[in-house]
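Analysis of the macromolecular model
This is what each chain is made of:
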Amino acid sequence: MSALPAADALEALPTQPLTILQEVFGYTAFRGQQQAIVDHVTAGHDALVLMPTGGGKSLCYQIPAIARHRAGKGVTVVVSPLIALMHDQVGALEEVGVHAAFLNSTLSLEDTQRIEREMMAGRMVMLYAAPERVTNLRFQAQLASLHERGLLSLFAIDEAHCVSQWGHDFREDYLQLNLLHERFPDVPRLALTATADDQTRADMIERLQLQDARVFISSFDRPNIRYALVEKDEPRKQLLRFIQDEHDGDAGIVYCQSRKKVEETAAWLNEQGISALPYHAGLDAAVRKKHQDRFLREDGLVMVATIAFGMGIDKPDVRFVAHLDLPKNIEAYYQETGRAGRDGASADAWLTYGLADVVNQRRMIDESPANDDFKRVQRGKLDALLAMAEAHDCRRVRLLAYFGEPSEPCGNCDNCLNPPATWDGTEAARKMLSCIYRFWQHGQQRFGAGHLIDVLRGKQTDKVQQYGHQSLSTFGVGAELSENQWRAVLRQLVALGHVVAEGEYNTLALTDSARAVLKGEVNLTLREAAETPRRGRASKTGKPGAGKAASAPADLTGDALARFAELRTWRAGVAREHNLPAYIVFNDATLADMARIAPQSLGELAGISGVGAKKLQAYGDQILAVLNP
Ligand code: ADP
Ligand code: ZN
């Protein structure tokens, strides 16, 4: 912990938000709505902040916390769901010279008592704690004591969507947080999240009693992320090609649905020469922590994980997020893919999906123990994701529309870059639906996709003989389409909700909405199936950094590139010494600026974005020595 300035010295420090941004964090200007939010909260008002991942939410509470502390208002309590990340969050603040600490179960009794003493004295600027701690009796009594003495400055509630049961990260403990408002109604509160469809938003406001809070909604666009959703066809190989062709040596996250698949995929990637680590809730806590730490601290690792991994991970240089299974809904997809490219440099969100994914997700909802209302909402959310997956137009327009934001085609998604071929699938769909209908009419039986397609294509199989299906009027009516094409038709019919797959064998049945299609009342424009899988698409065309060593900014060359490499080595040493991820010492963008500009003096170094007063003092001479050997 850093030495603390005496109370009178504290009060002499500037309290202007912009000055704090510049001096403490070394940034020149606020981004987007940061200024408005910071001013509103510093003045003591409540706020709900909806900002995409990477938008810069942390500064929205850190700067008010610093300004209010300097004005003698005491401690800001930051509620954060993940204790595993508090160490690094606090480390980042200590690096810029802001006195912060965390309280959680990993601390020794001695450390806990020391931190509590500092908190009770109001010396600390920010205290991070998990919701279950914030609401426990002992801590509530401490807050009451602080409050009585005018030293309880602000509550910041991070990942506030965890309070909503509609969301995907629901945490029971978050429900108790309205207690803060009830006990301390005059202490301002700031709730922040990157997840916010209308329903979750309304839920957050109600449950956290934020009816009077000002709501700040930023654009949810992440223009540097390129979205691509491809048809599943030997998914492991597709993944390997994607990583090898486009992200060799980059850090990335691969999401899978099951623990088993996580383990198998990670092992397989390692066999293929890609360093990958598994992460899921079934692993020992110590192993999980080790893998998370390695992912944060080392360069170029691939994390293969279930959705247990990711919340609060603010590693800025994750260059891709790949999904081998379909997420539950658009919020989950957007949150997971949002972990790519927080540093603003180009990044990929890549997903491979097929018929089985659609069927599985539908089944998971049907078979869940939830009540009908909940299921109805979940089905609606899945449908929105499927519509996006099957879309022929801009993915981003659809994603943003889901969050209520109108936009124009983006030019940076698969559909914009390579508009998919479409065709009028009305006739084909009618043939398929009517074949499913005939099965039922013929023998009151249901069949799966394989047999259905065989019958449509007129294949004489044992099963066809056995059931006498060669006599059906739909036998052989679909010979003009390949098996692959029929699978694509079926996937889209399931995605559109005209067909359901049920039971152990995924047998197919029509839904009510199929009737209109059968009658020819609805026209269906379908995506053309990728007939032969595209092998290694022309690698990284137009992408900065193509073919370069991992994560070196694209425009660095010659001497600057050499300086960047030296700076990275130096940074790795400091990071190890401080037991922090390298990007907390300085992020790549700051390091690249140093390499490019090669400052000769502390004054020049101070002008670089990301170099605040404390870091200048702590590291300035060392950096100048690295740059000017
Ligand atoms: P979020 O929590 O919204 O995902 P962060 O608070 O982690 O985003 O910020 C993302 C990145 O942007 C961080 O590296 C942060 O330091 C940087 N950043 C945020 N605000 C600014 C700013 N005004 N100027 C420069 N960099 C900023
Ligand atoms: Zn687009």
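On a predicted model such as this, the values are computed, not experimentally measured, just so you know.

**Observations concerning the overall build of the chain**
- Tallying secondary structure elements over the chain gives 28 helices and 17 strands in all.
- The C-alpha atoms of the chain give a radius of gyration of 27 Å, which matches the 25 Å a tight globule of 629 residues would have.
- Expressed as a percentage of its 629 residues, the buried residues of the chain come to 52%.
- Total accessible area on the chain is roughly 26,600 Å²; 50% of this is exposed by carbon and sulfur atoms.
- A distance of 2 Å separates the average location of the 70 positive side-chain charges in the chain from that of its 79 negative side-chain charges.

**Section: the pairing of strand β15 (residues 499-502)**
- Only one face of β15 is buried, namely the one carrying Val 499 and Ala 501, since none of Val 500 and Glu 502 on the opposite face is buried.
- When β15 meets strand β16 (residues 507-510), the two strands line up antiparallel, connected through four bridges. Bridge pairing links Glu 502 to Thr 507 in β16.

**Remarks on the pattern of salt bridges**
- On inspection of all chains with the given rule, the structure shows 35 salt bridges.
- Of the charged contacts in the structure, one is a salt bridge between Arg 491 and Glu 231, with a shortest N-O distance of 3.8 Å. A residue pair is termed long-range when its members are at least 10 positions apart, and Arg 491 in helix α22 (residues 483-495) and Glu 231 in strand β8 (residues 225-231) qualify at 260 residues.
- By relative accessible area, Arg 491 is classed as buried at 4%.
- A network of salt bridges, in which partner residues are shared, links Asp 88, Lys 289, Asp 293 and Arg 297.

**As for the sheet that holds strand β10 (residues 276-279)**
- In spatial order, the strands read β8-β13-β12-β9-β11-β10; together these six strands make up an open sheet with parallel pairing. One side of each edge strand has no neighbouring strand; the edge strands of this open sheet are β8 and β10. The average undirected angle you get between the axes of adjacent strands in this sheet is 15°.
- Of the pairings in the sheet, the one linking β10 to strand β11 (residues 302-305) comprises four bridges and is parallel in character. Its bridge partner being in β11, Leu 277 is matched across the sheet by Met 303.
- Against the sheet, helix α12 (residues 259-271) makes contact with β10 and β11, and its axis sits at roughly 170° relative to β10, the strand it touches most.
- In the packing of helix α13 (residues 285-297) onto the sheet, the strands contacted are β9 (252-255), β10 and β11, and the crossing angle to β10 comes to about 140°.

**Things to note about the domain arrangement of the chain**
- As assigned here, the chain comprises domain 1 (7-217), domain 2 (225-418), domain 3 (423-527) and domain 4 (558-627).
- Computed from C-alpha atoms alone, the centre-to-centre distance between domain 1 and domain 2 is 29 Å.
- Taken together, the contact between domain 1 and domain 2 spans 22 residues of the former and 17 residues of the latter.
- Surface buried jointly by domain 1 and domain 2 totals about 1,700 Å² across both partners, of which 56% is contributed by carbon and sulfur atoms.
- Put simply, domain 1 and domain 2 have one salt bridge between them.

**Things to note about the coordination of the zinc ion (ligand 2)**
- Taken together, the protein ligands of the zinc ion (ligand 2) are Cys 394 (SG), Cys 410 (SG), Cys 413 (SG) and Cys 416 (SG), with distances of 2.3 to 2.4 Å.
- Taken together, the four donor atoms coordinating the zinc ion (ligand 2) and their angles of 101 to 119° define a geometry best described as tetrahedral.
- Note on Cys 394: relative accessible area 6%, which makes it buried.
- A residue is classified by how much of its surface remains accessible, and Cys 410, at 25% relative accessible area, is partly exposed.

**Things to note about the packing of helix α24 (residues 558-578) against helix α26 (residues 588-597)**
- Two elements in contact, α24 and α26, have axes whose closest approach is 8 Å; the angle formed by their N-to-C orientations is 130°. For the element pair α24 / α26, the angle class is oblique. Handedness of the α24/α26 crossing: right-handed. Here Ala 560, Arg 563, Phe 564, Leu 567, Arg 568 and Arg 571 of α24 lie close against α26, whose contacting residues are Asp 588, Leu 591, Ala 592, Met 594, Ala 595 and Arg 596.
- When its residues are assigned to classes, the contact of α24 with α26 shows seven nonpolar, no polar and five charged.

**Observations regarding the sheet that holds strand β1 (residues 47-50)**
- The strand order β3-β4-β2-β5-β6-β1-β7 describes an open sheet built from seven strands, whose pairing is parallel. Edge positions in the sheet fall to β3 (100-103) and β7 (214-217), since each of these pairs with one other strand and no more. Geometrically, the sheet is characterised by an average inter-axis angle of 20° between neighbouring strands, direction not taken into account.
- Here β1 pairs with β7 via four bridges, running parallel. Residue pairing for β7: Ala 47 is matched across the bridge by Arg 214.
- Each of β2 (75-79), β3, β4 (126-129) and β5 (152-157) is contacted by helix α8 (residues 137-148), which is oriented at about 135° to β5, the strand it contacts most.

Rules and cut-offs
Position numbers for residues start from 1 in each chain and track the written sequence from start to end. Going through the entries in the order they are written, you letter the chains from A and number the ligands from 1. Given that the model is predicted, a residue must reach a pLDDT of at least 70 before its local features are reported, and side-chain atom pairs must reach 80 or more before they are shown or counted; all residues, however, enter totals for whole chains, interfaces and linings. Hydrogens and waters are ignored; side-chain quantities use all the structure's heavy atoms. Runs of E in the DSSP output that reach at least two residues are strands. Runs of H or I that reach at least four are helices, and both are numbered from the N terminus. With the radius of gyration taken over C-alpha atoms, the globule rule is written as 2.2 Å times the number of residues to the power 0.38. In this scheme, a residue with accessible area under 20% of its type's maximum is buried, one over 50% is exposed, and one in between is partly exposed, where area comes from a 1.4 Å probe on protein chains only. Only the protein chains shown count as cover for residues, and the accessible areas themselves come from Shrake-Rupley with a 1.4 Å probe. Counting rule for charge: Lys and Arg are taken as positive, Asp and Glu as negative, and neither His nor the chain ends is counted. To locate a charge, the coordinates of NZ of Lys, CZ of Arg, CG of Asp or CD of Glu are taken. At least two DSSP bridges between two strands are needed for those strands to be called paired. Throughout this description, the term salt bridge denotes a Lys or Arg side-chain nitrogen within 4 Å of a carboxyl oxygen of Asp or Glu. Orientation is described by lines fitted to C-alpha atoms, with helices fitted over the stretch in contact, and by angles between N-to-C directions that extend from 0 to 180 degrees. The criterion used for residue contact is that any of the two residues' heavy atoms lie within 4.5 Å. What marks off one domain from the next here is an automatic or database domain assignment. Accessible area that two parts lose when put together, with a 1.4 Å probe and added across both, is what the buried area reports. Coordinating N, O and S atoms are those within 2.8 Å of the metal (3.2 Å for Na, K and Ca), and as water is not part of the atoms, a site may appear to have fewer donors than expected. Donor angles set the geometry label: tetrahedral for four donors if every angle is between 85 and 135 degrees, square planar for four and octahedral for six if opposite donors exceed 155 degrees and the others are between 65 and 115, irregular for anything else. Orientation is classified from the angle alone, with under 35 degrees giving roughly parallel, over 145 giving roughly antiparallel, 65 to 115 giving roughly perpendicular, and any other angle giving oblique. Handedness of a helix crossing follows the sense of rotation of the near helix relative to the far helix, less than a right angle counterclockwise being left-handed and clockwise being right-handed. All residues other than Ala, Val, Leu, Ile, Met, Phe, Trp, Tyr, Cys, Pro, Asp, Glu, Lys and Arg, Gly among them, are scored as polar; the first ten of these are nonpolar and the last four charged.

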